[in-house]
Amino acid sequence: MKLKGLLSGIRILESTADMEMNIENVAYDSRKVTGGSLFVAINGFAVDGNAFIPMALEKGAVAVVTATKPDGNVPYILVESDRLALALIGCNFYSHPAKSMTMIGVTGTNGKTSTTLLLKQVLEKTVGAKVGLIGTMENRIGEEVIPTERTTPESLELQGLFARMRDAGCTHVVMEVSSHAIALDRVAGVHFDVAAFTNLTEDHLDFHKTMEAYCDTKAELFRRCEKGVLNRDDSYFERISKGATCQVMTTSAKGDGDLKAVDVELHADGISFAAVTKGISQNITLPIPGRFTVYNALSVLGISLQLGISLEAAAAALESVRGVRGRVEVVPTPTKPYTVLLDYAHTPDGLENVLRSVRDFCKGRLIAVFGCGGDRDPMKRPIMGRIGVELSDIAVITSDNPRTEVPMDIIEDILQGVPGEKKNYVVIEDRRKAIQYAMDIGEKDDMIVLAGKGHETYQEINGVKYHLDEREEVAAYLMETR
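Trainee: Would you take a moment to explain the packing of aromatic side chains for this structure?
Mentor: Any aromatic ring pair is given by two values, namely how distant the centres are and how the planes are angled relative to each other. Per the stated rule, a full pass over the model turns up one aromatic pair. A ring pair is formed by Phe 93 and Tyr 94, whose centres lie 5.1 Å apart and whose planes are at 85 degrees; its orientation type is edge-to-face. Residue placement shows Lys 453 over the ring face of Tyr 458; its charged tip is 4.9 Å from the ring centre.

Trainee: Sorry if this is basic, but what is going on with the sheet that holds strand β8 (residues 139-141) here?
Mentor: Either a parallel or an antiparallel arrangement is found when strands of a sheet pair, and the pairing is made through backbone hydrogen bonds. Spatial ordering of the open sheet is given by β9-β8-β7-β10-β6-β11-β12-β13-β14-β15-β16, a layout of 11 strands whose pairing is mixed. Of all strands in the sheet, those bounded by a partner on one side alone are β9 (144-146) and β16 (280-286). On average, adjacent strands in this sheet sit at an angle of 20 degrees to one another, irrespective of strand direction. Sheet topology note: the strand β11 (residues 192-197)/strand β12 (residues 225-231) ladder contains five bridges and is parallel. The residue of β12 that forms the bridge with Ala 196 is Val 229. Taken strand by strand, helix α5 (residues 155-167) contacts β6 (102-107), β7 (131-134), β8, β9 and β10 (172-176), and its axis lies near 160 degrees from that of β7.

Trainee: Explain a nonpolar patch on the surface here, please?
Mentor: Residues Val 47, Phe 52 and Met 55 make up a contiguous nonpolar surface patch of about 250 Å² in total accessible area. Of note, Met 55 is situated in helix α2 (residues 53-58).

Trainee: Sorry, what's going on with the pattern of salt bridges here?
Mentor: Note on pairing: side chains with opposite charge can pair once their charged atoms come close. As enumerated under the stated definition, the model contains 30 salt bridges in all. In the salt-bridge network here, residues are joined through shared partners; they are Lys 120, Glu 124, Glu 138, Arg 140 and Glu 143.

Trainee: Would you take a moment to explain the sheet that holds strand β1 (residues 12-15) for this structure?
Mentor: The strand order across the open sheet built from five strands is β1-β5-β4-β3-β2, with neighbouring strands paired in mixed fashion. The outermost strands of the open sheet, each flanked by one partner alone, are β1 and β2 (25-27). Across the sheet, the mean angle from the axis of one strand to that of its neighbour is 20 degrees, orientation sign disregarded. Sheet topology note: the strand β3 (residues 37-40)/strand β4 (residues 61-66) ladder contains four bridges and is parallel. Note on β4: the bridge partner recorded for Leu 38 is Ala 63.

Trainee: Sorry if this is basic, but what is going on with the environment of Thr 335 here?
Mentor: On the secondary structure map, Thr 335 appears in the loop between β17 (329-331) and β18 (339-343). The spacing of Thr 335 and Arg 482 is 147 residues in sequence and 9.1 Å in space, taken between C-alpha atoms.

Trainee: Which parts of the structure should I look at to understand the environment of Gly 442?
Mentor: Secondary-structure assignment places Gly 442 in the loop between α15 (431-441) and β22 (447-451). Not counting chain neighbours up to four residues away, the residues in contact with Gly 442 comprise Tyr 338, Arg 365, Ile 367 and Ile 448.

Calculation criteria
- All residue numbers refer to positions counted from 1 along the written sequence of the respective chain.
- Given that the model is predicted, a residue must reach a pLDDT of at least 70 before its local features are reported, and side-chain atom pairs must reach 80 or more before they are shown or counted; all residues, however, enter totals for whole chains, interfaces and linings.
- To get the side-chain values, take all heavy atoms of the structure and skip hydrogens and water.
- What counts as a ring pair is set by centres within 6.5 Å for rings of Phe, Tyr and Trp (its six-membered ring), and what kind of pair is set by the plane angle: stacked under 30 degrees, edge-to-face over 60, tilted for all other angles.
- Charges are assigned to positions over rings by a cutoff of 6 Å between ring centre and Lys NZ or Arg CZ, combined with an angular limit of 35 degrees from the ring normal.
- Paired strands, in this sense, are two strands between which DSSP finds at least two bridges.
- Secondary structure elements are defined from DSSP: runs of H or I of at least 4 residues count as helices, runs of E of at least 2 residues count as strands, and each element is numbered from the N terminus.
- Here an angle of 0 to 180 degrees is reported between the N-to-C directions of two axes, which are lines fitted to C-alpha atoms, with helices fitted over the stretch in contact.
- The criterion used for residue contact is that any of the two residues' heavy atoms lie within 4.5 Å.
- Patches here are clusters of residues that have more than 30% relative accessible area and form no salt bridge, with a 9 Å joining cutoff for like charges and a 5 Å cutoff for nonpolar side chains (Val, Leu, Ile, Met, Phe, Trp, Tyr).
- Using a 1.4 Å probe, the Shrake-Rupley method yields the accessible areas, and only the shown protein chains count as cover for residues.
- Should a side-chain nitrogen of Lys or Arg be within 4 Å of a carboxyl oxygen of Asp or Glu, the pair is scored as a salt bridge.

Without other data, these values stay purely geometric and don't point to any function.
Laid out in structure tokens, this is it:
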């Protein structure tokens, strides 16, 4: 492709590069540069890509896109935003693959993964769609699983993934859209047919600094879509919806909404309610327990309606869906009188939701095993300490992914939020031993909630990922103590 074609739609401040030259490849990592490449120098948080321009040229780059004018005799294109330029170059390089598929984005603090996975199944069952999935747990092209490192890939990889989906015959793409993806222009150049907002609670404040900034970043998605589905019950609904330029459908399980959940019933093995919209009522059952499942289901139904799928068809599809791995997932504990649940809850709101939901159907004691991740927003740690101890009968405070932090330092932060009069908790730094302790004290009808890891099968300690699958840990300890 000619350089001028790759730069279509990008505001160029100045340039010394030949716009007629052919570009064979695009890279923002100098290690991936090959002959005939266009190198995009990204000024990142840890490293500045401009420092790697000499290496990129040495490896065969023929031109450089940068927001910082380079020194020396370098064929360059100077732009206002290197990240925006990378995203738009990716769109051009892969011939705008998103335009040939129905694009659906889901944003919010909690519920994104469950909503996207449920929606994928509904689309497959109702319209026979081949669905591309992009999210926290994994990426998928139909049934092909592609491992993922972050919720939303970097823009160039994202466009490449869209191209693979298009070429594989995908008709729809369902993706989680993180606040980082919006703020860092990873989804720039992508226009969504439908976007949905689940909820907003404290998270990523190490990046966004304030909840208002976090909210406003999420709200940007609803200026980049044709139709929106917004949770009216969330406290940030007004701020999210204020600048929306799309056709909005509201959902609610508490009051008024374009799509409402009434007569909600919570069971140990799922939920049921009546979905009501425009005078039509449809019974909904879903084999995933928890009050938050009602909200996830409303998001799925709202998106389906915005895509022209009938409420009846979407409801029938939801009845037969599979549960979501790591989201209120029941771990087999044969011969034991208690139940073990896995959940990815790793934010204050996520932990509160799962514990309150389990409390709704727990007949015995509620035992919560939880921690907080390292190198992430430390302000939420004491909040999670308070929630975990107050909403459980017994709390086991342990490690999550400490990453590069000292595990006990994180635990000390968590303990800052535990009310002084509360004595219903223990601290066990080793997560394996914490799980074993919870199982040792488990009694008839107790519910043991292992929160924070969910679908993850590793624990990151001192920057190294070690294998840790909590399903395996439960099974192995049952075998050991049989």
